[in-house]
Amino acid sequence: MNSLALILYGFSLLAVASFALKLAEMYRRISAGQSDPARFANKGERAKTMVREILLHTKMLRFTGSAIAHWFVMIGFVALLGTLITAYGQIIDPGFILPIIGNWAPYRYFVLFIAWSTGVGIVALIGIRQVTRFKHLSRTSRFLGSKSLKAYYVEATILAVVICVITIDYLEHQYYVNATAVQTVAGIKIWVSATWFFIISSDLTMGVAWHRFLAPFNIFFKRNLDSKPALGELPEMISHGKPINFEDPKDDDVFGIGKSADISWKGLLDMASCTECGRCQSQCPAWHTDKPLSPKLLIMAMRDHALTKVGSEELIVGNIISPEVLWSCTTCGACVEECPVDIEHIDHIVNMRRFQVLVESEFPSELGGTFRNLEKTGNPWGSNRTDRNAWISECDFPVTVIENEIPEDVEYLFWVGCAGAYEERAKKTTKAVAELLYMSGTTFGVLGQRETCSGDPARRAGNEFLYQILSRENIETLQHAFGDRGVKKVVVTCPHCFTTIGRDYKQQGFELQMVHHTQLLNQLIKEGKLKTSPHKSDATLTYHDPCYLGRHNQIYQPPRELLESTGVEVTEMPRNQDRSFCCGAGGGRMWMEETIGTRINLNRVDEAIATQVKEVAVACPFCRIMVSDGMTARESDIGVLDVAQVLLRNIKG
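Residues numbered from 1 in each chain as written. Predicted model: local features only at pLDDT ≥ 70, side-chain atom pairs only at ≥ 80, totals over all residues. Heavy atoms only, no water.

Novice: Help me understand the overall build of the protein chain, please; the structure alone is not making it clear to me.
Specialist: Of regular secondary structure, the protein chain possesses 25 helices and eleven strands. Relative to the globule expectation of 26 Å for 653 residues, the C-alpha radius of gyration of the protein chain, 29 Å, shows essentially globular dimensions. Summarising its shape, the C-alpha atoms of the protein chain cover approximately 95 × 65 × 50 Å along the three principal directions. Split into buried and exposed, the 653 residues of the protein chain put 58% on the buried side. Expressed as a percentage of contacts within the protein chain between residues at least 6 apart in sequence, the contacts between residues at least 24 apart total 78%. Computing the positive centroid from 67 side-chain charges and the negative centroid from 70, the protein chain places the two 5 Å apart. (Helix = DSSP H or I, 4+ residues; strand = E, 2+ residues; numbered from the N terminus. Rg over C-alpha atoms; globule rule 2.2 N^0.38 Å. Buried < 20%, exposed > 50% of the residue type's maximum accessible area, 1.4 Å probe, protein only. Contact = heavy atoms within 4.5 Å. Lys, Arg positive; Asp, Glu negative; His and termini not counted. Charge placed at Lys NZ, Arg CZ, Asp CG, Glu CD.)

Novice: Looking at this model, I keep getting lost on the nonpolar core. Mind explaining?
Specialist: Across soluble globular proteins, nonpolar side chains have a tendency to be buried as a group. Of all hydrophobic cores here, the largest spans 123 residues; its most connected members are L298, M352, L478 and L521. If you tally residues by element for this core, the top one is helix α19 (residues 464-482), at seven residues. Leaving out residues up to four positions away in the same chain, L298 has contacts with L293, I321, V325, I349 and M352. Counting residues in each nonpolar core, the second largest holds 20 residues, with C623, M626, V627 and V640 among its members. (Core = buried A, V, L, I, M, F, W, Y, C linked by side-chain atoms within 4.5 Å.)

Novice: Would you mind showing me how to read a negative patch on the surface here?
Specialist: A cluster of like negative charges, contributed by E405, E408, D409 and D484, occupies part of the molecular surface. Relative to the helices and strands, D409 resides in the loop between β3 (400-401) and β4 (412-415). (Patch = residues over 30% accessible without salt bridge, like charges linked within 9 Å, V, L, I, M, F, W, Y side chains within 5 Å. Areas by Shrake-Rupley, 256 points an atom, 1.4 Å probe, with all protein chains shown as cover. Salt bridge = Lys/Arg side-chain N within 4 Å of Asp/Glu carboxyl O.)

Novice: Can you walk me through the sheet that holds β4 in this structure?
Specialist: Pairing within the open sheet is parallel, and its five strands lie in the order β3-β5-β4-β6-β7. The sheet is open, and its two borders are formed by β3 and β7 (513-516), each paired with just one other strand. Bridging between β3 and strand β5 (residues 444-446) involves two bridges; their strand directions are parallel. Among the inter-strand pairings, V401 is bridged to a residue of β5, identified as V446. Strands in contact with α19 are β4 and β6 (489-492); relative to β4, the strand with the most contacts, it is inclined by about 155°. (Pairing = 2+ DSSP bridges. Axes fitted to C-alpha atoms, helices over the stretch in contact; angles between N-to-C directions.)

Novice: Please explain the packing of helix α4 (residues 81-90) against helix α7 (residues 179-201) as it appears in this structure.
Specialist: Two packed helices can be described by the angle between their axes and the distance between those axes. In the contact formed by α4 and α7, the axes pass within 9 Å of each other and the chain directions differ by 125°. Classified by the angle their axes make, α4 and α7 are oblique. Helix-helix and strand crossings are classified by hand; for α4 and α7 the assignment is left-handed. Facing T83, L84, A87, Y88 and Q90 of α4, the residues of α7 in contact are V182, Q183, A186, K189, I190 and S193. Residue composition of the contact of α4 with α7, grouped by class: six nonpolar, four polar and one charged. (Parallel < 35°, antiparallel > 145°, perpendicular 65-115°, else oblique. Left-handed = near helix turned anticlockwise from the far one by under 90°. Nonpolar A, V, L, I, M, F, W, Y, C, P; charged D, E, K, R; others polar.)

Novice: Could you clarify how one ought to interpret the pattern of salt bridges in this entry?
Specialist: For side chains bearing opposite charge, pairing can occur when the charged atoms are close. Counted under the stated rule, the structure contains 48 salt bridges. Taken together, the salt bridges that share partners define one network made up of R354, D456, R459, R460, E464 and D504.

Novice: Sorry, what's going on with the packing of aromatic side chains here?
Specialist: Aromatic rings in a pair are described by how distant their centres are and how their planes are angled relative to each other. Inspection of every chain in the model, using the stated rule, returns 25 aromatic pairs. Between F11 and F198, the aromatic rings sit 5.1 Å apart at their centres with planes inclined by 40°, giving tilted as the arrangement. Of this pair, F11 sits in helix α1 (residues 3-31) while F198 sits in helix α7, placing them 187 residues apart in sequence. In this structure F11 comes out as partly exposed when scored by relative accessible area, which is 23%. By relative accessible area, which is 26% here, F198 ends up partly exposed. Ring geometry for F77 and F213: centres 6.0 Å apart, planes at 75°, overall edge-to-face. A residue pair is termed long-range when its members are at least 10 positions apart, and F77 in helix α3 (residues 64-79) and F213 in helix α8 (residues 207-220) qualify at 136 residues. Of the residues examined, F77 reaches a relative accessible area of 36% and is grouped as partly exposed. A residue is classified by how much of its surface remains accessible, and F213, at 22% relative accessible area, is partly exposed. The rings of F19, F77, W196, F197, W210 and F213 are connected pair by pair, giving a single aromatic cluster. Taking NZ or CZ as reference, R279 lies 4.9 Å from the ring centre of F63, over its face. (Phe/Tyr/Trp six-rings, centres within 6.5 Å; stacked < 30°, edge-to-face > 60°. Lys NZ or Arg CZ within 6 Å of the ring centre and 35° of its normal.)

Novice: Sorry, what's going on with unusual backbone geometry here?
Specialist: Working note: non-glycine residues mostly have negative phi, and peptide bonds are mostly trans. In this structure, H240 takes a positive phi of about 55° despite not being glycine. Structurally, H240 can be placed in the loop between β1 (238-239) and β2 (242-243). Of note, the phi angle at Q554 is positive, near 60°, even though the residue is not glycine. With respect to the helices and strands, the residue Q554 is situated in the loop between β8 (540-543) and α22 (557-565).

Novice: So what exactly am I meant to see when it comes to the sheet that holds strand β11 (residues 639-642) here?
Specialist: Think of a sheet as strands paired side by side through backbone hydrogen bonds, with each pair either parallel or antiparallel. Taken in spatial order, the four strands make up an open sheet running β9-β8-β10-β11, and their pairing is parallel. Bordering the open sheet on either side are β9 (569-570) and β11, each of which pairs with just one other strand. Relative to β11, helix α25 (residues 643-652) is tilted by about 90°, and along the sheet it contacts β8, β10 (615-618) and β11.

Novice: Even after reading the chapter, I still don't get the pairing of β7, so can you show me in this structure?
Specialist: A regular strand places its side chains on the two faces of the sheet in alternate fashion. The pairing of β6 with β7 spans four bridges and is classified as parallel. Across the sheet, V491 pairs through a bridge with V515, a residue of β7. At this point the chain moves from β6, through helix α20 (residues 495-502), to the parallel β7, and the crossover so formed is right-handed. (Right-handed = clockwise from strand over helix to strand, strands pointing away.)

Novice: Explain the side chain of K488 here, please?
Specialist: Relative to the helices and strands, K488 is located in the loop between α19 and β6. Of the buried charged residues, K488 lacks a salt bridge, with D484 as the closest side chain of opposite charge at 8.0 Å. From its side chain, K488 meets the backbone oxygen of R485 in a polar contact 3.2 Å long. (Polar contact = N/O pair within 3.5 Å; in protein donor to acceptor, adjacent residues only side chain to side chain.)

Novice: Looking at this structure, I do not really get helix α2 (residues 43-56). What am I missing?
Specialist: In an α-helix, one turn spans 3.6 residues, which is why side chains three or four residues apart end up on the same side. Look at α2: 20 Å from first C-alpha to last across 14 residues, which is about the 20 Å you get at 1.5 Å a residue. Regarding α2, the residues found buried are R46, T49 and E53. Projected down its long axis, α2 carries its buried residues within an arc of 65°, all on one side. With respect to the buried face of α2, the exposed residues turned more than 90 degrees away are K48 and L56. Of the surrounding elements, those touching the buried residues of α2 are α8. Just beyond α2, the residue with positive phi is H57, at close to 50°. (Expected span 1.5 Å × (residues − 1). Arc of directions from axis to C-beta.)

So, to be careful, I would describe these as geometric facts and stop short of saying anything about function.
Right, dumping it as structure tokens:
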């Protein structure tokens, strides 16, 4: 064995040993996080989801060009392992080949195909990064804030390995084999590969490299078992592996995330898996309106702190994360929707909010009034409970108010919600839906003054204790109203109520058959119970997807099908469906002042105005308020109305 081989073998052993030690350290640091036992349920389904997401690159394909390039780079990382093994033999014997398959022509051409594909892929990714770097010089760049030097090193390493593989194949298949050249290139390949292990071992926060090993596990342990993003209901507040009993909390219960020791092991795995690709940042409404929040930078900051200071007592908010960052989030879910490794940004943000509200009592002053209103009057506006039925007096058709149990002849409970009962613009939606149900012969009733807020604004703003009170009150009311009825059908106009009552309440063992009004009305049209006019409408409109109906619940087509049935011409905004831009009201932001940067609703309104339509259709009372206010601020005469109003107008001619 020559001296070069001895040096490279020794260097490689040290590199592998260093990586193994750091891998063990990474495991220890992550496993030191708070317990989250639910992540181990349904391992079979989790494995299927992981394999599907990785092999099909389902989340990556949202950026198609870079996804295809990344797929070949990912495959090359595994498929070219045989060439590294061959290189260790070639530095001793230039003619060394792998046993059995070494002389097999299909294997050679497979290696060449993968090598060239990986090379083209990494060059494409380098090009994308550089074009983005020079084309987007400000916040429009998804790479802004990423640690680019680390990414350049990883990209250079992959490119160097690919060049070595292709060069060695060329040298091996010449008429005259240059043994020295083969050994030299094989040595370079080994040195580059071993150095890569040394480099990543020196930095546990190098997500652009570590994600190769951690991302599959992060996808496996994602909150939702299917391929949908981890949106919808918020996770329960877990302490020591169990949901907190708010009626009798323990003295050592952990309320949210205050310091690194409070982060769950899955949260730490999230942070360690971040590739700094910036896809989340590229879609964040707060970031695009000059707010300090970038989902990417938030996860990076928490990673750099938590993975290097395990068990630190230093408070995160105020030291690592500024309060302005924390409270800029609208919980729209765009970040989670985009993330290729299924990081759950919203969960971490809300958990930090929970700590700020429940432990520190530090939150925006406007929320103090909102919380008091919810406590005293059961609605965020502070309106009188007795006025919940006021909209009924404005209807020229009967509306059943359910005082006790729901009668057998009533098919649906119509959950009106706070906005639908009190806010003047939202009341128009409530009355339109009620009239359409009446016209279709669909029997329904309302709870009237027995309703109270679903708890959405309290929970998403971090006041879990208040949410528990409101949700339990509603669950008790609903249980009494439905009695022994098997199927409990509820129709609702507010996507926030739809999500909270329909999904969050399941955590307390209470399930309903929830349907959004656009779903039910679309179904009634298909069944012929509502007949639309066949004449094409002169109206031109665009439809704004509510975040909590679309991304949080994957409901995109019913509102569009309903609008199409009315004959209106629908012009889509550039950002639509799962990439719809938030109105700015979610996550409790409806009741907070927007004093930093530009207003989110104005950003969205400008996009709607640019379509040159006459109207904007919405399917959420919060969206209606924000878009209407935006149109007023822009002095635009474009009308804003709910999808239900478009349908009612068509039917009534």
